[in-house]
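Structure assessment
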Amino acid sequence: MIPAIEKNSLEEIKNFQEQKLAETLTYISQNSPFYKRLFAEQNIDISKIKTLEDLQHLPVTTKEDLQQYNDDFLCVPQHKIIDYASTSGTLGDPVTFGLTDSDLDRLAYNEAISFACAGITEGDVVQLMTTIDRKFMAGLAYFLGLRKLKAGIIRVGAGIPEMQWDSILKYNPSYLITVPSFLLKLIEYAEIHGIDYNNSSIKGAVCIGESLREQDFSMNILSKKITDKWNIRLFSTYASTEMSTAFTECEYGQGGHHHPELIIVEVLDENNRPVKNGETGELTFTTLGIEAMPLLRFKTGDIVQLHNEPCSCGRHTLRVGPVVGRKKQMIKYKGTTLYPPAMNDVLSSFDTIENHLIEISTNDLGTDEILIKIAAKNQTPEFLQEIKDHFRAKLRVTPKIEFATKEVLNPLVFNPMSRKPIRFFDYRNTI
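So, here is what we can say about the structure in this document. (Residues numbered from 1 in each chain as written. Predicted model: local features only at pLDDT ≥ 70, side-chain atom pairs only at ≥ 80, totals over all residues. Heavy atoms only, no water.)

1. Looking at the pairing of strand β19 (residues 400-403)
To be explicit about the condition: Note: two strands are recorded as paired if DSSP finds a minimum of 2 bridges between them. Numbering of helices and strands runs from the N terminus; a helix is a DSSP stretch of H or I covering at least four residues, while a strand is a stretch of E covering at least two. Handedness rule for crossovers: strands pointing away from the viewer, path from the first strand over the helix to the second running clockwise, crossover right-handed.
Here strand β18 (residues 368-376) pairs with β19 via four bridges, running parallel. In the strand pairing of β19, K373 is matched with E402. Crossover β18 to β19 through helix α10 (residues 381-395) is right-handed.

2. As for unusual backbone geometry
For F217, which is not a glycine, the phi torsion comes out positive at approximately 75°. Secondary-structure assignment places F217 in the loop between β6 (204-207) and α8 (221-227). Backbone geometry places S244, a non-glycine residue, at a positive phi of 50°. Take S244: it is sitting in the loop between β7 (233-240) and β8 (245-248).

3. As for the pattern of salt bridges
Note the threshold: We count a salt bridge whenever a side-chain nitrogen from Lys or Arg sits within 4 Å of a carboxyl oxygen from Asp or Glu. Only protein chains enter the accessibility calculation, which uses a 1.4 Å probe; a residue whose area is less than 20% of its type maximum is buried, one above 50% is exposed, and one in between is partly exposed.
The full count for this structure, using the stated rule, is 21 salt bridges. The partner of R37 in a salt bridge is D72, with the nearest N and O atoms 3.2 Å apart. Of this pair, R37 sits in helix α2 (residues 33-41) while D72 sits in the loop between α3 (63-68) and β1 (83-86), and the two are 35 residues apart along the sequence. Here D72 falls in the partly exposed class, since its relative accessible area comes to 25%. The partner of K299 in a salt bridge is E282, with the nearest N and O atoms 3.4 Å apart. Taken together, the residues span a long stretch of sequence, with K299 in strand β12 (residues 298-307) and E282 in strand β11 (residues 280-287) at a distance of 17 residues. The exposure classification of K299 matches that of E282, with both residues buried.

4. Let's talk about the sheet that holds β18
In plain terms, the rule: Throughout, an axis means a line fitted to C-alpha atoms (over the contacting stretch in the case of helices), and angles, computed between N-to-C directions, take values from 0 to 180 degrees. Throughout, a residue-residue contact means that at least one pair of heavy atoms, one from each residue, lies within 4.5 Å.
Taken in spatial order, the four strands make up an open sheet running β19-β18-β17-β20, and their pairing is mixed. A single partner strand is all that each edge strand has here, and the edge strands are β19 and β20 (424-426). Within the sheet, the average angular offset between the axes of one strand and its neighbour, ignoring direction, is 20°. Across the sheet, helix α9 (residues 340-348) touches β17 (353-362), β18 and β20, and the angle it forms with β17 is around 150°.

5. Observations concerning the packing of α9 against α10
Applied cut-off: Angles are sorted into four bins: roughly parallel if under 35 degrees, roughly antiparallel if over 145, roughly perpendicular if 65 to 115, and oblique for all others. Handedness of each helix crossing follows the sense of rotation of the near helix against the far helix: counterclockwise by less than a right angle gives left-handed, clockwise gives right-handed. Classes in brief: Ala, Val, Leu, Ile, Met, Phe, Trp, Tyr, Cys and Pro nonpolar; Asp, Glu, Lys and Arg charged; the others, Gly included, polar.
Running from N to C, α9 and α10 point in directions that differ by 130°, and their axes come no closer than 10 Å. Here α9 is positioned oblique relative to α10, judged by the angle of their axes. Both α9 and α10 take part in a crossing whose hand is right-handed. Between α9 and α10, the contacting residues are A342, M343, V346 and L347 on the first element and I387, H390, F391, K394 and L395 on the second. Of the residues in the contact of α9 with α10, the class split is seven nonpolar, one polar and one charged.

6. Some points on the layout of surface pockets
Going by this rule: Buriedness for pockets is judged along seven lines, at least five of which must meet protein on both sides within 12 Å for an open set on the 1 Å grid over protein atoms alone, while cavities are sets there where a 1.4 Å probe fits but cannot get out, and lining residues have an atom within 4 Å of a point. Grid points are joined across faces, edges and corners, and a volume is the space filled by probe spheres set on the points.
The calculated volume of the second largest pocket comes to roughly 690 Å³. Lining the second largest pocket are 24 residues, with L52, V265, L306, N308 and L318 sitting closest to its centre. Where the lining of the second largest pocket is concerned, the elements lending two or more residues are α1 (10-31) and β10 (263-268). Considering only residue class, the lining of the second largest pocket consists of eleven nonpolar, eight polar and five charged.

7. A few points about the packing of helix α4 (residues 101-117) against helix α5 (residues 137-148)
Their axes nearest at 7 Å, the elements α4 and α5 cross at an angle of 70°. Relative to α5, the element α4 lies roughly perpendicular. Contacts between α4 and α5 involve L104, L107, A108, Y109, E111, A112 and F115 from the former and M137, L140, A141, Y142, L144, G145, L146 and K148 from the latter. Of the residues in the contact of α4 with α5, the class split is twelve nonpolar, one polar and two charged.

8. Comments concerning the packing of aromatic side chains
Rule in force here: Here a pair means two rings of Phe, Tyr or Trp (six-membered ring of Trp) with centres within 6.5 Å. Their orientation is stacked below 30 degrees between planes, edge-to-face above 60, and tilted elsewhere. A ring is considered to have a charge above it if a Lys NZ or an Arg CZ atom is located within 6 Å of its centre and within 35 degrees of its normal.
Going through the model one piece at a time under the given rule, you end up with eleven aromatic pairs. An angle of 50° between the planes, with centres 5.4 Å apart, marks the rings of F285 and F298 as tilted. Of this pair, F285 sits in strand β11 while F298 sits in strand β12, and the two are 13 residues apart along the sequence. One aromatic cluster is present, formed by F34, Y35, F39, Y69 and F73 through successive ring pairs. Above the face of the Y69 ring, R37 is positioned so that its terminal group lies 5.1 Å from the ring centre.

9. Some remarks on the nonpolar core
This is how it is decided: Here the nonpolar core consists of buried residues drawn from Ala, Val, Leu, Ile, Met, Phe, Trp, Tyr and Cys, with membership extended through side-chain atoms lying within 4.5 Å.
If you look at the biggest cluster of nonpolar residues, it comprises 35 residues, and the most contacted ones within it are L25, Y35, L66, L283, L295 and L296. Secondary structure elements with two or more residues in this core: α1, α2, β10, β11 and β12. Setting aside chain neighbours within four positions, we find Y35 in contact with I28, T61, F73, P294, L295 and L296. In this structure, V346, L347, I353 and F424 belong to the second largest nonpolar core, which totals 22 residues.

10. A look at the pairing of β6
Regular strands show a simple pattern: their side chains alternate between the two faces of the sheet. Alternating positions in β6 separate into two faces, G204 and V206 on one and A205 and C207 on the other, with burial throughout. Both strand β5 (residues 175-178) and β6 contribute to a ladder of four bridges, which runs parallel. In the strand pairing of β6, T178 is matched with C207. Handedness of the crossover is the feature at issue here: the chain leaves β5, passes through helix α7 (residues 180-192), returns alongside β6, and the resulting connection is right-handed. Where β6 meets β7, four bridges bridge the pair, whose relative direction is parallel. Along β7, the bridge assignment pairs A205 with L234. Each parallel crossover has a hand, and the one from β6 via α8 to β7 is right-handed.

Have a look at this one:
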């Protein structure tokens, strides 16, 4: 199920996107109060925007714009809104998104072709191990996409290894959709209760919320810990509520595939200019085909690298590499630039660490301070020194580390109002 446009030449894809861009600009200039006002204030003539390169002449849209002018982004009257979704608000106040009937069809199409990219086909049974309530778009998107793909769906929801295994053993799903670190909990439960997980029905897992790969696409410590024990395929997928679009890996695991019929992608530097080929920058997108809340040059805050060479799967579309980190989560520590994923990766290499979180604050000198709290089976000074030595070897610096209990950390990391673990707490803006 590869859409024809994704097998076209790069020139054909570019021409197609430029036509869709013109349609999107016309639509938002007529229907979006926010973009109407913006275009008028900045004297923008959209008829002059003819190529993807011309996007550079348009202003970017930020999360702060959405928070401040949320309702002004709506392009349809309220009675046309079928579903109300909201962002998780991890880095700010949540933003509400309305979806029309057409937008829900687009969302289903996006997930169907994304899951097909990961090898899920009609007739497969998939266990959905993420919430579908609380206005989260993700769970609904997964359900709609699998339904469109004509796959069977088991809506178990998040957590509770015993319930997950009961469902796996009863319904024999072939794929799971889950946060990857939870797979380690499934393995641990299976080993304690004598479940032969390598002889289960599971062939693969589509993983959300946490990275599986290093920047060179090799498996990171988390994915290695899973696959060293459980012989299943892991597929990374990257998406957000704002884009209503997913970038999912194919079997070759070389980055999340772009769907050019749904979204235009840029990677920008600090001055909102495109980075050079092969460089990292902030992923910025323009949605195509969205009726209720289309976005123009929206800056995601995620630092990524694009890959343009054709993939062995036959798609010619660009691919988005693993997220290096969130722009707002960048830490300057003792002259070194760090992102939380790099620290998470160091901690994942210790089997005795049961949970952790990272706190960032501003010290008396006005610079970034890092405190890592760890729940571990081994809480000796020797183990603490081993962790610090590992940080120094991998990241060249050693943050402050202290032991805590699972009882203290678990409610913070596994917040019931979030669909993924929250391990990063930034107190720099509140001091």
